[in-house]
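Given next are the chains, with one letter for each unit.
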Amino acid sequence: CEKPLGHQGAEAMQMAENAQKAGVIHMTAFTYRFTPAVRYLKHLVDSGELGDVRIFRSQRFLDLPESSNGWRQSKKLAGAGYIYDMTTHRLDFAQYILGPLKEVTGDVAQFVPRDRDAAGSSCAPSDVDDYAAVLGRFESGAKGVWEG
């Protein structure tokens, strides 16, 4: 499934329960964990070749932050903005590499209304975040910083 799995926790749980009853695999398409680079990094961490990993840092910024990006800028369709769309991928592959997060905190913001499309024509303004910052602590004691 594409994210979000549901707009509320209960909706996502119902989907998971239905999939389990039907005997089918149900997961979010966190594709980054399957890329060769991420798999190789996991191998390096698991083998100990990198020593004790103390910090994970990830930054990614939008290519065209001033213009519309379609359904992704609508809370009704997307559920949230950048934190759902891209930050979740980085949180996922960080845990794939370093193990579970123990705690997280963060903040989101909307810096631009995105009320123009790429051609400059008017469109409905965005009602979701276009920036996210997350700090985390892994169960291993490593720290994490995600920004975008």
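**Some thoughts on the pairing of strand 4 (residues 143-147)**
- Of the two faces of strand 4, the one holding Gly144 and Trp146 is buried and the one holding Lys143, Val145 and Glu147 is not buried anywhere.
- In this sheet, strand 4 lies alongside strand 1 (residues 55-59) in parallel orientation, the contact comprising five bridges. Counterpart to Phe56 in the pairing with strand 4 is Gly144.
- Note: strand 3 (residues 131-138) against strand 4, five bridges, orientation antiparallel. Bridged to Leu135 within strand 4 is Val145.
- Connecting strand 3 to the antiparallel partner strand 4 that follows it, the hairpin turn spans four residues, and Gly141 within it adopts a positive phi of roughly 100 degrees.

**Some remarks on the pattern of salt bridges**
- Summed over all chains, the structure comprises four salt bridges.
- Asp92 is the partner of Arg33 in a salt bridge, and the nearest nitrogen-oxygen pair spans 2.7 Å. In this pair, Arg33 is assigned in the loop between helix 1 (9-22) and helix 2 (36-47) and Asp92 in helix 4 (residues 82-98), connecting sequence segments 59 residues apart.
- Where Arg72 meets Asp85, a salt bridge forms, and the shortest distance between an N and an O atom there is 2.9 Å. One end of the pair, Arg72, is in the loop between strand 1 and helix 3 (75-78); the other, Asp85, is in helix 4, with 13 residues separating them in the sequence.
- On the accessibility criterion, Arg72 (35% relative accessible area) is partly exposed.

**Side note on empty space enclosed by the protein**
- Applying the stated criterion across every chain yields a total of one cavity of 30 Å³ or more.
- Considering the residues around the largest cavity, the lining is formed by 16 residues, among which Arg72, Ala80, Gly81, Tyr82 and Asp85 are closest to the centre.
- Among the elements that take part in the lining of the largest cavity, helix 4 stands out by supplying three residues, more than any other.
- Its residues assigned to classes, the lining of the largest cavity shows eight nonpolar, two polar and six charged.

**Some points on the environment of Ser47**
- Looking at the secondary structure, you find Ser47 in helix 2.
- Judged by relative accessible area, which is 39%, Ser47 ranks as partly exposed.
- Placed 27 residues apart in sequence, Ser47 and Ser74 show a C-alpha to C-alpha distance of 43 Å.
- At 3.3 Å, the side chain of Ser47 and the side chain of Glu49 are in polar contact.

**Thoughts on the sheet that holds strand 2 (residues 101-109)**
- Pairing in this open sheet of four strands is mixed, and the strands run 1-4-3-2 from one edge to the other. The sheet terminates laterally at strand 1 and strand 2, the two strands that pair on one side only. Pairs of neighbouring strands in the sheet enclose a mean axial angle of 10 degrees, with direction left out of account.
- Packing of helix 4 onto the sheet brings it into contact with strand 1, strand 2, strand 3 and strand 4, and relative to strand 3 it is tilted by some 20 degrees.

**Points about the nonpolar core**
- Phe56, Ile97, Leu98, Phe138 and Trp146 are the most contacted members of the largest nonpolar core, which totals 13 residues.
- Of the residues forming this core, the biggest block, five residues, is contributed by helix 4.
- Those residues within four positions of Phe56 in sequence are excluded, and the remaining contacts are Arg90, Phe93, Ala94, Leu98, Phe138, Lys143, Gly144, Val145 and Trp146.

About the thresholds
Starting afresh in each chain, residues are numbered from 1 along the sequence in its written order. With the structure being a predicted model, the display of local features is reserved for residues of pLDDT at least 70 and the display and counting of side-chain atom pairs for 80 or more, all residues being used for whole-chain, interface and lining totals. Note that water and hydrogens are dropped before the side-chain values are worked out from all heavy atoms of the structure. When a residue's accessible area, from a 1.4 Å probe over protein chains only, is under 20% of the maximum for its type it is buried; when over 50% it is exposed; and in between it is partly exposed. What counts as a helix is a DSSP run of H or I of at least four residues, what counts as a strand is a run of E of at least two, and both are numbered from the N terminus. Between any two strands, at least two bridges found by DSSP are needed for them to pair. For this analysis, a salt bridge means a side-chain nitrogen from Lys or Arg found within 4 Å of a carboxyl oxygen belonging to Asp or Glu. Grid points spaced at 1 Å and placed over the protein atoms alone form the basis of the search, with a cavity being a set where a 1.4 Å probe fits but cannot get out and a pocket an open set showing protein on both sides within 12 Å along at least five of seven lines. Lining residues have an atom within 4 Å of a point. Grid points are joined across faces, edges and corners, and a volume is the space filled by probe spheres set on the points. Basically, the charged four are Asp, Glu, Lys and Arg, the nonpolar ten are Ala, Val, Leu, Ile, Met, Phe, Trp, Tyr, Cys and Pro, and anything else, Gly included, counts as polar. Counting of polar contacts relies on pairs of N or O atoms within 3.5 Å, with two restrictions inside protein: one atom must be capable of donating a hydrogen and the other of accepting it, and residues adjacent in sequence are counted only when both atoms are side-chain atoms. The angle between two axes is taken between their N-to-C directions and runs from 0 to 180 degrees, where each axis is a line fitted to C-alpha atoms and a helix contributes only its stretch in contact. Throughout, a residue-residue contact means that at least one pair of heavy atoms, one from each residue, lies within 4.5 Å. For the purposes of this section, nonpolar cores are sets of buried Ala, Val, Leu, Ile, Met, Phe, Trp, Tyr and Cys residues that join through side-chain atoms within 4.5 Å.

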